[in-house]
Amino acid sequence: MTLRDSLLAVLVALLWGLNFVAIDIGLHADGQNFPPLLFVALRFILVVVPWIFFVRKPDVGWKAIVGVGLFMSAGQFGLLYLAMALGMPAGLASLVLQAQVLLTVLLAAGFLNERPTMRQLAGVGLGVAGLAVVAVGRSAVAPLLPLVIVLAAALSWAGGNVIARKAKAASGLGLVVWSGAVVPLPLAALSVLVDGPGQVWNSLSTIQVPTILSALYTAVFASLVGYGIWNRLLASHPSSAVVPFTLLVPVVGMSAAWLVLAEVPSPTELAGGLLLLGGVATAVLTGPGPRRQRREAEPLPDLGAGLAEGEEADDDGRLAGGEPPGGVRVTEAR
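What this report covers is the structure whose coordinates are included nearby. Along each chain, residue indices are assigned from 1 in the same order as the chain's sequence is written. It should be noted that, the model being predicted, local features are given only for residues of pLDDT at least 70 and side-chain atom pairs only at 80 or more, the latter also being counted only at that level, while totals for whole chains, interfaces and linings use all residues. Computation of side-chain values: all heavy atoms of the structure, hydrogens and water removed.

1. Regarding unusual backbone geometry
No. 1: The linkage connecting Val 49 with the following residue, Pro 50, adopts the cis geometry, with an omega of 5 degrees.
No. 2: Summarising the element assignment, Pro 50 is placed in the loop between helix H2 (36–48) and helix H3 (62–85).
No. 3: In this structure, Asn 113 is a non-glycine residue whose phi angle is positive, near 55 degrees.
No. 4: The residue Asn 113 is located in the loop between helix H5 (99–111) and helix H6 (118–139) in this model. A run of H or I in DSSP counts as a helix once it spans at least four residues, and a run of E counts as a strand once it spans at least two, with each numbered from the N terminus.

The structure is reproduced here in structure tokens:
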């Protein structure tokens with residue numbers, strides 16, 4: 001990769017890492033708690049409108065579009081926002097959500113018959129150990145439910161990765177925008193059921209400026225701009241050269257949360273986080289070897305972000321399809 005493209009990849013990691021802080025600010029603007037599922041619905045309205053009128057429908061079936069929308073967008077972000085509304089720190093959320101990389105490896109083995117390499121299995125084992133340490137550290141200071149919900153969000157994202165990988169849409173952006181259309185109505189309706197019509201109406205009628213700005217950032221910068229750059233990089237370079245930059249997302253997310261939100265993870269959480277990132281790095285960083293071997297077990301892309309939102313590249317490093325992080329994939333914004 002050229003220096004320019006490397007800097008663009010770093011910019012994407014920066015946009016995706018800041019995404020978690022933006023979500024936290026939007027959910028808790030001016031001391032008010034905005035309904036998380038309604039917030040996700042608003043985000044995806046901005047992802048879809050007006051872009052769906054200008055972006056061509058991806059060349060995949062409606063089943064794949066709906067599946068990506070339900071798992072990678074509605075499931076991932078609905079659960080992520082819910083966990084953060086229940087108290088999951090933004091920085092820790094950006095870290096734990098990276099478990100989607102490891103879960104994608106396992107789901108791809110089960111549903112796509114993609115045999116993981118020994119390196120990937122070692123990464124999964126290391127990552128699971130890291131998550132266990134994070135859970136121990138978290139249980140000492142707060143309930144574990146938000147952490148479990150973020151893990152469920154990571155699992156949903158991984159399921160979306162597998163669907164997107166199987167569909168292999170030529171237009172990642174098209175898949176993000178069109179699959180995003182699946183999100184607003186179901187999550188808005190679910191918010192009415194969970195929060196009540198009175199709370200939903202009150203939240204919309206008294207929406208705060210920080211919440212509006214947060215929704216705009218997550219939709220435009222994390223999803224559309226972030227995944228627009230990401231997809232171009234995947235189309236121009238091998239996935240093994242691009243995907244490792246996603247390891248910067250939790251670094252940015254935790255640093256931003258520390259500076260902006262005064263979130264300080266415990267030593268145990270930091271230790272577990274380092275183990276988790278070590279597992280992710282082991283799973284996504286390819287070692288030297290013959291091209292044929294890399295073809296047989298190429299690491300899954302969209303191993304990152306966040307973000308969410310998965311895309312991937314084929315053996316020649318060309319974009320195959322997927323959606324965002326901590327945001328949606330504009331390919332997609334995990």
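2. Quick look at the packing of aromatic side chains
No. 1: Working definition: a ring pair exists when centres of Phe, Tyr or Trp rings (six-membered ring for Trp) sit within 6.5 Å. Plane angles under 30 degrees give stacked, over 60 give edge-to-face, the rest tilted. All told, the structure shown has five aromatic pairs when counted by the stated rule.
No. 2: Put simply, the rings of Phe 34, Phe 39 and Tyr 81 pair up and form one aromatic cluster.
No. 3: Here the basic side chain of Arg 43 rests over the ring of Phe 77, its NZ or CZ set 4.4 Å away from the ring centre. Placement of a positive charge over a ring is assigned whenever Lys NZ or Arg CZ falls within 6 Å of the ring centre and within 35 degrees of the normal to the ring plane.

3. Some remarks on the nonpolar core
No. 1: Counting residues in hydrophobic clusters, the biggest one holds 83 residues, and the most contacted among them are Leu 80, Tyr 81, Met 84, Met 88, Val 96 and Leu 97.
No. 2: No other element matches the eleven residues that helix H1 (residues 3–27) contributes to this core.
No. 3: Should any heavy atoms of two residues lie within 4.5 Å, those residues are counted as being in contact. Non-local contacts of Val 96, meaning those with residues more than four positions away in its chain, are made with Met 88, Leu 131, Val 134, Leu 147, Val 150, Leu 151, Ala 154 and Leu 276. Among buried residues, the Ala, Val, Leu, Ile, Met, Phe, Trp, Tyr and Cys ones that are joined through side-chain atoms within 4.5 Å form a nonpolar core. The buried label goes to any residue with under 20% of its type's maximum accessible area, the exposed label to any with over 50%, and the partly exposed label to all in between, with areas taken from a 1.4 Å probe on protein chains only.

4. Re the pattern of salt bridges
No. 1: The term salt bridge refers to a pairing of a side-chain nitrogen on Lys or Arg with a carboxyl oxygen on Asp or Glu at a separation within 4 Å. Taken as a whole, this structure holds two salt bridges when the rule is applied.
No. 2: Arg 4 is the salt-bridge partner of Asp 5, the closest N and O atoms lying 3.7 Å from each other.
No. 3: Of the charged contacts, one joins Arg 138 and Glu 269 as a salt bridge, the two residues approaching to 3.4 Å between their closest N and O atoms. Taken together, the residues Arg 138 in helix H6 and Glu 269 in helix H14 (residues 267–284) connect sequence positions 131 residues apart. Pair check on accessibility: Arg 138 and Glu 269 agree, each one buried.

5. Focus on the packing of helix H9 (residues 184–195) against helix H10 (residues 197–205)
No. 1: Fitted lines through C-alpha atoms give the axes, limited to the stretch in contact for helices. The angle between two N-to-C directions lies from 0 to 180 degrees. Packing of H9 against H10 brings their axes to within 6 Å, and their N-to-C directions diverge by 115 degrees. Across the interface between the two elements, Ser 191, Val 192 and Asp 195 from H9 touch Pro 197, Gln 199 and Val 200 from H10.
No. 2: Gly falls in the polar group here, along with every residue not listed as nonpolar (Ala, Val, Leu, Ile, Met, Phe, Trp, Tyr, Cys, Pro) or charged (Asp, Glu, Lys, Arg). When grouped by side-chain class, the residues that make up the contact of H9 with H10 number three nonpolar, two polar and one charged.

6. Focus: the environment of Ala 132
No. 1: Along the chain, Ala 132 falls in helix H6.
No. 2: A residue is classified by how much of its surface remains accessible, and Ala 132, at 41% relative accessible area, is partly exposed.

7. Brief notes about the packing of H5 against helix H7 (residues 145–167)
No. 1: The contact between H5 and H7 brings their axes to 8 Å, and the two run at 50 degrees. Here H5 lies oblique to H7, going by the angle between them. The two elements H5 and H7 meet at a crossing, and its hand is right-handed. Between H5 and H7, the residues in contact are Ala 99, Gln 100, Leu 103, Thr 104, Leu 107, Ala 108 and Phe 111 and Leu 151, Ala 154, Leu 155, Trp 157, Ala 158, Gly 159, Asn 161 and Val 162, respectively. Note on angle classes: values under 35 degrees are labelled roughly parallel, values over 145 roughly antiparallel, values of 65 to 115 roughly perpendicular, and the remainder oblique. The hand of a helix crossing depends on one turn: near helix anticlockwise from the far one by less than a right angle means left-handed, and clockwise means right-handed.

8. Comments concerning a nonpolar patch on the surface
No. 1: In this analysis, a patch consists of residues with relative accessible area above 30% that form no salt bridge, clustered at 9 Å for like charges and at 5 Å for the nonpolar side chains Val, Leu, Ile, Met, Phe, Trp and Tyr. Note on areas: these come from Shrake-Rupley sampling with a 1.4 Å probe, and a residue is covered only by the protein chains present in the view. A contiguous nonpolar patch, built from Ile 25, Trp 258, Leu 259, Val 260 and Val 264 and spanning about 550 Å² of accessible area, is present on the exposed surface.
No. 2: Note on placement: Val 260 falls in helix H13 (residues 248–261).

9. Some thoughts on H14
No. 1: Expected helix span is taken as 1.5 Å per residue step, with the number of steps being one fewer than the number of residues. Helix length check: H14, at 18 residues, gives a terminal C-alpha distance of 26 Å against a target of 26 Å (1.5 Å per residue), a fit within 8%.
No. 2: Taken as a whole, H14 has its buried residues at Glu 269, Gly 272, Gly 273, Leu 276, Leu 277, Gly 279, Val 280, Ala 281, Ala 283 and Val 284.
No. 3: Buried residues along H14 sit against helix H4 (90–96), H5, H6 and H13.

Such coordinate-based values are descriptive only and should not be taken to indicate function.
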